[in-house]
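Single-letter residue listing:
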Amino acid sequence: MASNVVLQYAPLQSFVNPTFWHKLSEIKLNHDRLSDAPKPIYGYYTNFNAKACLLETDYSAFNSDFTAPRHYYPAIGTLYNKNTIEDFKACDKNDLLRSEGLKLLDDFRNDRVLDDPKLFARFFVLSFADLTTYNYYYWFAFTCPLSPTLKVQNGSSPQPLSDIPELAHLESLIKSLEQKPNFCVVKATEKNTIFELKDILAADTTQLANQSADIYFAFSDPSEFEHPSWLMRVYATYIFYKCPALIGKAVKFLGLRFDNKTGYGKSLIWTVIQADPVHFDDETQFVGWEPNRNNKMGPRMVSMRDSMDPTILVENAINLNLKLMKWRLVPDLDLDVIGNTKCLLFGAGTLGCNVARNLLAWGFKHITFVDSGRVSYSNPLRQTLYTHADAIAGNAMKAETAAKRVKEINPTAISTGHVMQIPMPGHTIGASLEEQTNENLNTIRRLVEEHDAIFLLTDSRESRWLPTMLGNVFRKIVINSALGFDSYLVMRHGAGAQYNEQAAGDAPQAIDIGDLKCISGANLGCYFCNDVTAPGNSLKDRTLDQQCTVTRPGVSCIAASYAVELLVSLLQHPQREHAPAYYCASGQPESKVPEGLLGVIPHSIRGQLCNFENILPATQKFSQCIACSEKIISEYRSQGNAFLFKAFETAKYLEDLTGISDFKALDSTIIDFDDSDLEISDGDDM
C-alpha cells in the first residue's frame, strides 16, 4: 500500500497591469499625498483556460464597487504604499504578514468567509511609488496560516472530473447557472443542487464525517498544473479548522477548471487527509510572500518611464511621423544623426523662429539661439515662438524666450539662449565696450566650436560676417538664409579645404557629368564670395522701412523650410557637407543631376514669389573673399580677436587685406571726354 505524500501547491503569481501604476500615481498625487494609510484594493483570477496561476490587478483595483471581468473571480487585497524608499525597506515584513494573517483568522473565527467566500483569495501589496523616476517597487503576499501538513491519500494522482461517474451531471448543472460558483460544495447524491458553503458549514458540522465520501469541496482553480493553486491551501485550512470531525478522514477537493470550450474537462479531484487538528493561537505563524523573478524572497521593481514619463511620451509621439517615413518611403533615413546634430542659430527673429520650428519637426534636439533683441509688439504675428504676453512683459529677450518655447514644444529638447550683440565690420567698438566685446567674441567662438551646424538668420549683411568666417575656420556646416520683399536666398557655404580631417588632395574630386559642371563641397562659395566690397554699416542713413526686414509674410516660412531641408539632405548624404553641387551653364541641362538620399542637394536656392519660381545656381569660392579666403582665415588664426577688432574698426581693412581694393579702384576710374574727342565721319562716308 502506497504511503501518503505531502500535497504540493502551485503558488499564485502576481500580474500587475500598467494601468494599476497609472492609477496609483494619480491617487498618490491628488488624494493620498503624504498619507501612507492602508488602502483596500481588489484583484481577480480565472479558471478559464488558466495559465501560470495568475492573480491580476489593474486600474479598477481601486474602485469601491469593484466588479471582476467576465470569467474572472474577485480577490480582496490591501495596499501599503510607503512615502519613501527608506520606509519601504525598513518596514517589518514579518509583522506586516502577521497583521494581515490575523485579519484572515478573524474572518475564519467569525465565519465571514461563509458570507463572502472571496475572502479566501486574500492578498496584500507593500509598495513604494517613485514618481520622480517612474520606478515602482512592490512585493505581493498571499497570506495563509502555517497549518499541519496536508497529504494526498495513498500518494495517488488527482482524478479527472470525467472519471467520476457520480458527478457526470455537474458540468451541465454549472453551465445552467448564470453566476458560476467560486467556493462551494457538491454532493454526489444531490443531482440538481450546488450548495453554498454556508448551507453546509453554518450548521452543526459533526455529521460531515459520515458524509465525507459523498461531499466534494469545490473551488475555482486558476492552476494549469497537476497541483492545486495556493487558494486550496487557504480553503482547506478553513475547512479542517471549521470541521474538526473531518480530521483523519479522506476529504475530496474539486478544482474546477474551464477549457477553451467552456467545459470542465480539465477539472481535477484531490483526495486528502489532514492527520493533525487545525487550531490557531498567539503563536500561529504565517506564510505567503511571493518570491521575485530570481526566485528569491525580495521585492520587485518595474519602470514605467516609457509609458508614464511625459518627456518620453512626447519624444515617442514627436518621432512617430519620422519613424513612419522609414517604414516604406525612406528606409535608410538616419534619424540618429539628426537627433545628435547640434544647431546654432544666429538670429531669433522671423527666420530664427521658423527655422527652429522646422528643426523640431525633423527631430533635432539641440538648438541654441544667439540674439540681442527684445520681443516687441510687432513680433508675435510673424515670429512664431513669441506671444503677446512676451511683448507686454517688456523685458523678454528673444534668445532666452525662444529657447524656453522650444522646450515647451518638445520637453526633450536641449535649448539655450545667449543674449549678446554680434560684433560686425564697420561698427566701431568703443573703449568702454572692448572688454564686453572680447567676452562676446570668445563666447561666439566657443559656441561655433561646440555645434555642428550654423544658421545665419540675422537681419543685416554685416552681422553674418563673423559667423561665416568662424564656420569656415572650424569647418562647420553653414546654412545662410536671406530675405527680400518677395524673394529669398538659401545657400550652404563651402566646407573648407579638408575632408574628414584628411589632406585636401584626398578629398573627393569634382567630376563633371555631361553638360553639368561640378563644384566640390569644399570649393563652394560663401555668402560673401560674390562681393567685391566689404560689409559696412547697413543701418546708417536708412529710413525705418529700409532698416526693418519688410517682406511678404510667406517668404520667411519658405526660406526657413528650405534652409532646414537643405541641412537634413546634407546630413543624409554620405559626404555630408562635402557633397558636390552641379550647375548647367547653358540653361536647362540634358543630364540628370545626381541625388542624395532625399534628392538633389543644391549650392543655393534663389526664389521669387512674383513668379513662384526657384533657380539653383552654384558658384565657386572667391580666392579674395573677405570672409572665407585663406588670407582671412590665416590672419584670424595668427592674431585672434586682435584681427577682428581691426575689421570692426573699418571694413576697408578687409578690402586691403584681401586685395579687393584693386577691384574697387577700377570702378572709380572715370574717363572724361568732350565732343572734340570724338571722330565724326563725313556724311559722304555714311
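Treat the numbers as computed from the prediction; the structure is a model and nothing was measured.

Another aspect to go through is the domain arrangement of the chain. Domain boundaries assigned for the chain yield domain 1 (5-145), domain 2 (151-283) and domain 3 (324-496 + 510-667). In this structure, domain 2 and domain 3 have C-alpha centres spaced 82 Å apart.

Right, let's talk about the packing of helix 16 (residues 465-473) against helix 20 (residues 641-649) for a bit. It is at 12 Å that the axes of helix 16 and helix 20 come closest, and there the two elements cross at 150°. Our classification of the angle between helix 16 and helix 20 gives roughly antiparallel. Here helix 16 runs over helix 20; the crossing is right-handed. Along its contact with helix 16, which presents W465, L466 and M469, the element helix 20 presents F643, L644, A647 and F648.

Attention now goes to the packing of aromatic side chains. In this structure the tally under the stated criterion is 35 aromatic pairs. Ring centres 5.1 Å apart and planes at 85° place the aromatic pair F20 and W21 in the edge-to-face group. Where F120 meets Y235, the ring centres are 5.4 Å apart and the plane angle is 65°; that geometry is what we call edge-to-face. Separated by 115 residues along the polypeptide, F120 in the loop between helix 4 (112-115) and strand 6 (122-130) and Y235 in helix 8 (residues 230-242) bring together distant segments of the chain. We note that F120, like Y235, is buried. Members of the aromatic cluster, each reached through a chain of ring pairs, are F108, F120, F183, F217, F219, Y235, Y238, F240, Y241, F253 and F280. In this structure, K187 is placed above the aromatic ring of F195, and the distance from its NZ or CZ to the ring centre is 5.2 Å.

Phi angles above zero are rare outside glycine, and N49 is one such case at about 50°. Phi is positive for R475, close to 50°, though the residue is something other than glycine. For R475, the location among the structural elements is in the loop between helix 16 and strand 21 (477-483). On the basis of relative accessibility, which here comes to 25%, the residue R475 falls in the partly exposed class.

Turning to the sheet that holds strand 18 (residues 366-371), a few remarks are in order. Here eight strands make up an open sheet; going across it, the order is 19-18-17-20-21-22-25-26 and the pairing mixed. Two strands in the sheet have a free side with no partner beyond their single neighbour: strand 19 (414-419) and strand 26 (613-615). Averaged over all neighbouring strand pairs, the angle between strand axes comes to 15°, with direction disregarded. Pairing of strand 25 (residues 604-608) with strand 26, which is carried by three bridges, proceeds in the antiparallel orientation. Counterpart to Q608 in the pairing with strand 26 is E613. Relative to strand 19, helix 14 (residues 398-409) is tilted by about 170°, and along the sheet it contacts strand 18 and strand 19. Along the sheet, helix 18 (residues 553-572) contacts strand 17 (342-346), strand 20 (453-456), strand 21, strand 22 (487-492), strand 25 and strand 26; its crossing angle with strand 22, the most-contacted strand, is approximately 15°.

A surface patch of nonpolar side chains, amounting to about 370 Å² of accessible area, comprises L320, L324 and W327. Considering the arrangement of structural elements, one finds L324 in helix 10 (residues 310-327). Take L324: its relative accessible area is 35%, and that puts it in the partly exposed class.

Here is what the cut-offs are and how they apply
Residues numbered from 1 in each chain as written. Predicted model: local features only at pLDDT ≥ 70, side-chain atom pairs only at ≥ 80, totals over all residues. Heavy atoms only, no water. Domains from an automatic or database assignment. Axes fitted to C-alpha atoms, helices over the stretch in contact; angles between N-to-C directions. Helix = DSSP H or I, 4+ residues; strand = E, 2+ residues; numbered from the N terminus. Parallel < 35°, antiparallel > 145°, perpendicular 65-115°, else oblique. Left-handed = near helix turned anticlockwise from the far one by under 90°. Contact = heavy atoms within 4.5 Å. Phe/Tyr/Trp six-rings, centres within 6.5 Å; stacked < 30°, edge-to-face > 60°. Buried < 20%, exposed > 50% of the residue type's maximum accessible area, 1.4 Å probe, protein only. Lys NZ or Arg CZ within 6 Å of the ring centre and 35° of its normal. Pairing = 2+ DSSP bridges. Patch = residues over 30% accessible without salt bridge, like charges linked within 9 Å, V, L, I, M, F, W, Y side chains within 5 Å. Areas by Shrake-Rupley, 256 points an atom, 1.4 Å probe, with all protein chains shown as cover. Salt bridge = Lys/Arg side-chain N within 4 Å of Asp/Glu carboxyl O.

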